[in-house]
Protein chains: 2
Amino acid sequence: MNASPRRKELTRLAAQLFVQEGFDRTTVRMLAQEMGIKSGSLFHHFKDKQEILAAVIEEGTHNALAIAKRSLDESPPSPEARLRAMARAHLETLFTDRNAHVVALFEWRRLDDSAKAHLSHLRDAYEALWVQVIEEALAAGLIHGDRFLISRFVLGALNWTVRWYDPAGPRTPDELADELIAMIMPAR
Amino acid sequence: MNASPRRKELTRLAAQLFVQEGFDRTTVRMLAQEMGIKSGSLFHHFKDKQEILAAVIEEGTHNALAIAKRSLDESPPSPEARLRAMARAHLETLFTDRNAHVVALFEWRRLDDSAKAHLSHLRDAYEALWVQVIEEALAAGLIHGDRFLISRFVLGALNWTVRWYDPAGPRTPDELADELIAMIMPAR
DNA sequence: GTCTATAAAGTGATAGAC
DNA sequence: GTCTATCACTTTATAGAC
């Protein structure tokens, strides 16, 4: 899509507000003020409010996918290390990267049908990465169970961290990720 | 608080709409229509929209707490059985009971400060039940790690099921709960 | 690319009759 | 306890000047 640097910056600011207030409570006036322009000017960059949400979610999911792939590339090849890399990457996009991934996860239902159709393949690609890494861990006997169930439980546990975890606290995101992975692996 | 049978019924219907549409997108007119009255009449039962949300969340958390306590009472005393009972009870309030618990979990931030203050003790009591049961499992050597971290990961995994799990599908909520507990327990 | 001004519709809530 | 009618305000979005 259109990716002018201006539009990218606006998308970044929108993501921040959507996380703080939620999509529904964020008005175009709030968005415009945060961007230092008047609300009318906003519609020169985006067709409507929906398109702003779609842009944020597209960036958020794209980031998550890119960071996960990079982490896997840089990870040692062992199934355990790759599992850990995925969990760390997930928390990285949630807390240390930008707010866009949080919006993608928590405001997905607010997308209209056509935007969902357009973005679902991105989301599916990300989840497929998880299923694949979990499959490797299953094959290696590291964990046991259904691959879809495990990936959904793990993603749920990770996603819910945005409700309680403070990245400025004593535990780093990486440590948090490691503790989750330790929890699902039978004692060694 | 006030708990006339009429008000209880209205609260139940409100919970359903809040789950379907989200609190922000549910208008007082939608609520009234669902209840078979006009929007003006709604304010005879509730002071304002906030009070409806507070009523729903109070009922949802109260239900979750009551069902969890009952399940623990009826459970065999072993730490593993009690852990399983808590997970089953959680999914029961999420899927087979009412929608109120889902609202309590996903719309908590929409409460105003005084309502949060009034209801947080209920929520804390519920979470304390979880921490206690997890402590018992830790003491018995069933699981390993930090009790708060484990309870939050487990609750996150359970809460996120509302995003993907279909209770009308092939797996019952009880089976789902059992698979999660199996996932966090080292192989026996 | 941003402004001002405003349209068009929807929002939560109130007053007073029945 | 419900109705009708309506207020006061906010919302997204548009039009046209600069």
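Residues numbered from 1 in each chain as written. Chains lettered and ligands numbered in written order. Predicted model: local features only at pLDDT ≥ 70, side-chain atom pairs only at ≥ 80, totals over all residues. Heavy atoms only, no water.

**Some points on the interface of chain A and chain B**
What counts here: The criterion used for residue contact is that any of the two residues' heavy atoms lie within 4.5 Å. Defined here as a combined quantity, buried area equals the accessible surface (1.4 Å probe) lost by two parts on assembly, summed across both. What makes a salt bridge here is a side-chain nitrogen of Lys or Arg within 4 Å of a carboxyl oxygen of Asp or Glu, nothing more. Under this definition, polar contacts are N or O atom pairs within 3.5 Å; protein pairs additionally need one hydrogen-donor-capable and one acceptor-capable atom, and for neighbouring residues in sequence, both atoms have to be side-chain atoms. Only runs of H or I of at least four residues qualify as helices and only runs of E of at least two qualify as strands under DSSP, and these elements are numbered from the N terminus. Each residue receives one of three labels: charged for Asp, Glu, Lys and Arg, nonpolar for Ala, Val, Leu, Ile, Met, Phe, Trp, Tyr, Cys and Pro, and polar for the others, Gly being one of them.
Between chain A and chain B, the contact holds 31 residues from the first and 32 residues from the second. Both faces combined, the contact of chain A with chain B buries some 3,000 Å², and carbon together with sulfur accounts for 65% of it. The tally of links between chain A and chain B comes to 2 salt bridges. The residue A:Asp24 makes a salt bridge to B:Arg25 at a minimum N-O spacing of 2.5 Å. One can count 8 residue pairs in polar contact (both at pLDDT 80 or more) joining chain A with chain B. Elements that contribute at least two residues to the side of chain A that touches chain B include exactly α1 (5–21), α6 (100–106), α8 (147–160) and α9 (173–184) of chain A. Counting residues per element, the side of chain A that touches chain B draws most heavily on α8(A), which supplies 8 residues. Across the side of chain A that touches chain B, the residue classes break down as 16 nonpolar, 5 polar and 10 charged.

**Overview of the UniProt feature "domain: HTH tetR-type" (unreviewed entry) in chain A**
How we decide: UniProt positions are given in the numbering used here, feature names are shortened, and annotations may be inferred rather than shown by experiment.
The positions that UniProt labels "domain: HTH tetR-type" (unreviewed entry) are, in the present scheme, residues 4–64 of chain A. From the first C-alpha to the last, residues 4–64 of chain A spans 21 Å; its make-up is 79% helix and 0% strand.

**Remarks on the relation of the copies chain A and chain B**
The criterion, for reference: Copy-to-copy superposition: least squares on the C-alpha atoms, limited to residues that have pLDDT of at least 70 in both copies.
If you rotate chain A by 180° and push it 0.0 Å along the axis, it lands on chain B with an RMSD of 0.0 Å. In the structure described here, the two chain copies are related by an operation that fits a two-fold rotation axis. Considering only C-alpha atoms, the part of chain A nearest the rotation axis is A:Pro186, at 1.8 Å. Taken as a fraction of all interface residues of chain A, those also at the interface in chain B reach 100%, which identifies the copy contact as same-surface.

**Considerations on the UniProt feature "DNA-binding region" (unreviewed entry) in chain A**
Under the local residue numbering, the UniProt record ascribes the feature "DNA-binding region" (unreviewed entry) to residues 27–46 of chain A. For the annotated span residues 27–46 of chain A, helix accounts for 75% and strand for 0% of the residues, and the straight-line distance between the end C-alpha atoms is 14 Å.

**Quick word on the nonpolar core**
How we decide: Among buried residues, the Ala, Val, Leu, Ile, Met, Phe, Trp, Tyr and Cys ones that are joined through side-chain atoms within 4.5 Å form a nonpolar core. Buried residues are those whose accessible area, probed at 1.4 Å on protein chains only, stays under 20% of the maximum for their type, while exposed residues exceed 50% and partly exposed ones sit between those limits.
Membership of the largest hydrophobic core comes to 128 residues, with the highest contact counts inside it found for A:Phe18, A:Trp130, B:Phe18 and B:Trp130. Dropping the residues within four chain positions of it, A:Trp130 is found in contact with A:Met86, A:Ala87, A:His90, A:Val154, A:Leu155 and A:Leu158.

**Quick look at the protein's contact with DNA strand D**
What counts here: Here, proximity means that at least one heavy atom of the residue falls within 4 Å of the molecule or strand.
Residues in contact with DNA strand D amount to 15 residues; listed here are only the nearest, A:Thr27, A:Arg29, A:Lys49, B:Lys38 and B:His45. Within 4 Å of the protein, the contacting atoms of DNA strand D are drawn from sugar and phosphate to the extent of 59%. A distance of 3.0 Å is found between a phosphate oxygen of DNA strand D and a side-chain nitrogen or oxygen belonging to B:His44. Separating a phosphate oxygen of DNA strand D from a side-chain N or O atom of B:His45 is a distance of 2.6 Å. The leading source of residues in the surface near DNA strand D is helix α3 (residues 39–45) of chain B, at 4 residues. Here the residues of the surface near DNA strand D sort into 3 nonpolar, 7 polar and 5 charged.

**So, the protein's contact with DNA strand C**
The local shell around DNA strand C holds 14 residues, among which A:Lys38, A:His45, B:Thr27, B:Val28 and B:Lys49 are the closest. Of everything in DNA strand C that lies within 4 Å of the protein, sugar and phosphate atoms constitute 65%. A distance of 3.1 Å separates a phosphate oxygen of DNA strand C from a polar atom in the side chain of A:His44. Contacts to DNA strand C include A:His45, whose side-chain N or O atom sits 2.7 Å from a phosphate oxygen. Contributing elements (two or more residues each) for the surface near DNA strand C: α3 (39–45) of chain A together with α2 (28–35) and α3 of chain B. At 3 residues, the largest contribution of residues to the surface near DNA strand C is made by α3(A).

**Digging into helix α2 (residues 28–35) of chain A**
Residue and element names in this part refer to chain A. So the rule is basically this: To be clear, the arc concerns the directions from the helix axis to the C-beta atoms.
Within α2, burial applies to Val28, Leu31, Ala32 and Met35. Angularly, the buried residues of α2 cover 95° about the axis, an arc narrow enough to put them on a single face. Of the residues in α2, the exposed ones pointing more than 90 degrees away from the buried face are Arg29 and Gln33. Packing partners of the buried residues in α2 comprise α1, α3 and α4 (49–74). A positive backbone phi angle near 80° is found at Gly36, which sits one or two residues after α2.

**Topic: the packing of aromatic side chains**
Let me state the cut-off plainly: The pairing test for Phe, Tyr and Trp rings, Trp by its six-membered ring, is centres within 6.5 Å, and the orientation test on the planes gives stacked under 30 degrees, edge-to-face over 60, and tilted for anything in between.
A full pass over the atoms with the stated rule returns 10 aromatic pairs over all chains. For the ring pair A:Phe106 and B:Trp160, a centre distance of 5.3 Å and an interplane angle of 70° mean the geometry is edge-to-face. Remark: B:Trp160 occurs in helix α8 (residues 147–160) and A:Phe106 occurs in helix α6; the pair is interchain, linking two chains. Consider the rings of A:Trp164 and B:Phe153, whose centres lie 6.2 Å apart with planes at 70°: the pair is edge-to-face.

**Some points on the side chain of B:Glu107**
Residue and element names in this part refer to chain B. Note the threshold: Positive residues here are Lys and Arg, negative ones are Asp and Glu, while His and the chain termini are left out of the count.
Its location among the elements puts Glu107 in the loop between α6 (100–106) and α7 (113–139). The side chain of Glu107 sits in the buried core without any salt bridge; Arg110 is the nearest counter-charge, 4.4 Å away. Of note is the side chain of Glu107, whose polar atom sits 3.1 Å from the backbone nitrogen of Phe23. Apart from the residues lying within four places of it in its own chain, the contact partners of Glu107 are Phe18, Gly22, Phe23, Leu53 and Ile57.

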